[in-house]
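Here is how the chains run, residue by residue.
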Amino acid sequence: MELSEIISFSKKNGFVFPSSEIYGGFSSCYDFGPLGVELKRNIKNYWWQKMFQRNNMAGLDSAILMNPAVWQASGHLTSGFADELVECKKCHHRFRKDHIKGECPDCKGKLTSPQQFNLMMKTFVGPVEDKTAQTFLRAETCQGIYLNFQNVLQSTRKKVPFGIAQIGKSFRNEITPKNFIFRTREFEQMEMQWFCHPKEAEKFFDFWLQQRLDWYKELGIKDLRTVEIPEKERAHYAKKQVDIEYKFPFGWKELEGIHYRGDWDLSNHAKHSKKDLRYHDQERKEKYFPHIIETSVGVERLFFTILCSSLKEVEGGRSEKSKKEKEIVLKINKKLAPFKAAVFPLVKNKDKVVKKAKEVFQLLNNFSVYYDETGSIGKRYRRADQVGVFWTITIDFDSLEDNTVTIRNRDTMEQKRVKIKDLKECFTKEFLLTD
Ligand code: ATP
């Protein structure tokens with residue numbers, strides 16, 4: 001699907017709305033609507049569970065605002081976190097120098113020579129707005145993890161190798177945010193930092209890269225490739241970097257970054273804070289800065305990837321009444337689907353059928369399910385398919401006699417009769433996040 005179609009699909013169906021829309025929108029900011037918020041939550045829950053499963057992992061939720069010294073130590077306030085900015089002398093639009101190939105100004109004006117532009121967003125803490133009160137909105141969630149490395153060690157008694165996972169907001173004053181929710185100034189990251197002995201870093205880099213690729217496969221995302229980033233293009237902290245790229249409607253772009261950060265973070269924070277952040281390895285009888293492997297993906301970028309890879313146009317229609325129409329089906333992984341099922345009474349003017357359908361809906365209220373009795377059954381199927389509902393459950397006259405319902409599968413459109421008393425168990429088996 002084209003980008004413009006994905007954007008209008010997202011708005012029409014309550015996935016993504018432009019922020020502050022009635023005031024003309026705001027600076028590449030977006031709001032997530034009723035279905036978007038469900039999808040986002042499912043993505044985060046699935047990532048969280050997947051990371052913890054079989055892995056030696058601890059969780060964290062650190063503050064967005066931190067002592068500004070953190071950003072000095074991390075290298076974000078120096079050129080480490082700046083993009084090169086060029087300005088068109090004619091139309092005064094600003095561009096990232098490394099993006100300029102695809103974005104040469106339409107007016108064909110001459111460009112200024114590049115200037116460093118720091119992406120950290122400034123703010124003030126407290127009533128006085130001067131330099132001493134200035135701090136920054138975090139540009140990546142992982143710094144909170146490094147600062148709490150010793151706290152986590154002491155409170156959990158974990159031993160290296162282990163990981164710390166965190167999901168949270170990050171902010172970057174991107175020069176050219178664009179392509180819908182691909183690049184925004186406010187976004188959420190799902191980051192995992194794996195602390196290991198330096199000699200094991202290469203092995204764990206490969207392990208985590210494979211784990212992440214396997215997860216995307218499980219989600220049904222195809223069109224992925226890995227790209228090893230050469231030294232001069234790598235982030236300032238990275239000793240090795242492999243980007244997992246997806247083929248977006250505007251070309252191959254980074255979805256997730258796997259970084260070998262060495263001891264850059266812990267050793268710099270130790271130097272600046274004058275605290276000993278080394279790990280005392282009892283088994284090896286060594287004291288050292290653990291090396292870090294990071295996996296980092298943006299929630300919204302993955303959300304967008306999932307929409308791009310799941311939205312399908314089916315020619316000729318799928319339901320009886322719409323044989324000639326084009327239908328949209330969101331063939332999303334069932335575990336991520338905003339709604340797992342929809343409950344339909346076959347007819348809406350028959351009290352007993354409606355009553356039974358509402359009872360079934362109540363029975364399933366622990367799952368993400370909606371009830372719909374408006375319009376023809378064909379229309380209700382189409383509406384459900386469009387937003388990725390995996391099962392549609394129909395209650396008909398037979399249901400009144402034998403307490404069974406018809407379950408229709410979104411992808412195969414196969415229908416089967418199931419006893420109402422078995423429904424909860426079927427749901428638990430089908431939609432359990434990890435098994
Ligand atoms: P890019 O080259 O696209 O600017 P990056 O290399 O700076 O990204 P990282 O710092 O490695 O990105 O961030 C890790 C992940 O966080 C990215 O792979 C992406 O999924 C997400 N991310 C980074 N910046 C943004 C943004 N401005 N909007 C949405 N997601 C982002």
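The coordinates are above.
Cut-offs used in this document
Residues numbered from 1 in each chain as written. Predicted model: local features only at pLDDT ≥ 70, side-chain atom pairs only at ≥ 80, totals over all residues. Heavy atoms only, no water. Helix = DSSP H or I, 4+ residues; strand = E, 2+ residues; numbered from the N terminus. Buried < 20%, exposed > 50% of the residue type's maximum accessible area, 1.4 Å probe, protein only. Contact = heavy atoms within 4.5 Å. Areas by Shrake-Rupley, 256 points an atom, 1.4 Å probe, with all protein chains shown as cover. Lys, Arg positive; Asp, Glu negative; His and termini not counted. Charge placed at Lys NZ, Arg CZ, Asp CG, Glu CD. Polar contact = N/O pair within 3.5 Å; in protein donor to acceptor, adjacent residues only side chain to side chain. Near = heavy atom within 4 Å. Axes fitted to C-alpha atoms, helices over the stretch in contact; angles between N-to-C directions. Parallel < 35°, antiparallel > 145°, perpendicular 65-115°, else oblique. Nonpolar A, V, L, I, M, F, W, Y, C, P; charged D, E, K, R; others polar. Pairing = 2+ DSSP bridges.

Asker: So what about the overall build of the chain? Which residues, and what values?
Answerer: Looking only at helices and strands, the chain features 13 helices and 23 strands. If one aligns the C-alpha atoms of the chain with their principal axes, the spans along those axes are about 75 × 65 × 45 Å. Looking at the chain residue by residue over its 435 residues, the buried ones come to 51%. A separation threshold of at least 6 residues defines the contact pool for the chain, and within that pool the share at least 24 residues apart is 65%. If you sum the accessible surface of the chain, you get close to 21,800 Å²; carbon and sulfur atoms cover 50% of it. Between the averaged position of the 75 positive side-chain charges in the chain and that of its 60 negative side-chain charges there is a distance of 1 Å.

Asker: How would you sum up the environment of Thr 156? Please name residues and give values.
Answerer: Its place among the elements puts Thr 156 in helix H6 (residues 149-156). Residues Thr 156 and Tyr 288, spaced 132 residues apart in sequence, show a C-alpha to C-alpha distance of 19 Å. In terms of polar contacts, Thr 156 uses its side chain to reach the backbone carbonyl oxygen of Val 152, at 2.6 Å.

Asker: Talk me through the site of the ligand; I want residue IDs and the actual numbers.
Answerer: Near the ligand, the surroundings consist of 17 residues, among which Glu 174, Arg 183, Thr 184, Glu 254 and Leu 255 are the closest. Within the contact set of the ligand, an oxygen atom lies 3.2 Å away from a side-chain nitrogen or oxygen of Gln 189. Here Gly 298 contributes a backbone N or O atom positioned 2.8 Å from an oxygen atom of the ligand. When isolated, the ligand has an accessible area of 590 Å², and the protein chains bury 87% of it. When contributions to the shell around the ligand are tallied by element, the ones reaching two or more residues are strand S10 (186-196), strand S13 (251-262) and strand S16 (291-298). Ranked by residue count, the leading element in the shell around the ligand is S13, at 5 residues.

Asker: Before we move on, could you go through helix H8 (residues 264-273) and cite the residues and values that matter?
Answerer: When we look at burial in H8, the residues that qualify are Asp 265, Leu 266, Asn 268, His 269 and Ala 270. Against helix H3 (69-74), helix H5 (142-147), H6, S10, S13 and S16 lie the buried residues of H8. Of the residues trailing H8, Lys 274 is marked for its positive phi of about 60°.

Asker: Can you lay out the packing of helix H2 (residues 34-52) against helix H9 (residues 299-310) for me, pointing to particular residues and giving the numbers?
Answerer: It is the contact of H2 with H9, at a shortest axis distance of 10 Å, that shows an interaxial angle of 110°. By the angle class used here, H2 and H9 are roughly perpendicular. Here H2 contributes Gly 36, Leu 39, Lys 40, Ile 43 and Lys 44 to the contact with H9, which in turn contributes Val 299, Glu 300, Leu 302, Phe 303, Ile 306 and Leu 307. In terms of residue class, the contact of H2 with H9 is made up of 7 nonpolar, 1 polar and 3 charged.

Asker: Which residues make up the packing of helix H1 (residues 3-12) against H9, and what values go with them?
Answerer: At a closest axis distance of 11 Å, the pairing of H1 and H9 adopts a crossing angle of 105°. In terms of orientation, H1 and H9 fall into the roughly perpendicular class. Residues Leu 3, Ile 6, Phe 9 and Ser 10 of H1 form the contact with H9, whose participating residues are Phe 304, Leu 307 and Cys 308. Class assignment for the residues of the contact of H1 with H9 results in 6 nonpolar, 1 polar and no charged.

Asker: An account of the sheet that holds strand S21 (residues 391-395) is requested, with residue identities and associated values reported.
Answerer: Strands pair in a sheet through their backbones, by hydrogen bonds, and they do so in one of two ways: parallel or antiparallel. Taken in spatial order, the 5 strands of this open sheet run S20-S19-S21-S22-S23, and their pairing is mixed. With partners counted over all chains shown, the strands left at the sheet margins are strand S20 (369-371) and strand S23 (415-419), one partner each. The sheet shows a mean angle of 25° between the axes of neighbouring strands, taken without regard to direction. Relative to S23, strand S22 (residues 404-409) is paired through 5 bridges, and the arrangement is antiparallel. Pairing of Thr 404 across the sheet is with Lys 419, part of S23. Contacting strand S19 (341-345), S20, S21 and S22, helix H10 (residues 351-363) runs over the sheet at an angle of about 165° to S19. Across the sheet, helix H13 (residues 423-431) lies against S19, S20, S21, S22 and S23, angled at about 170° from S21, the strand it touches most.

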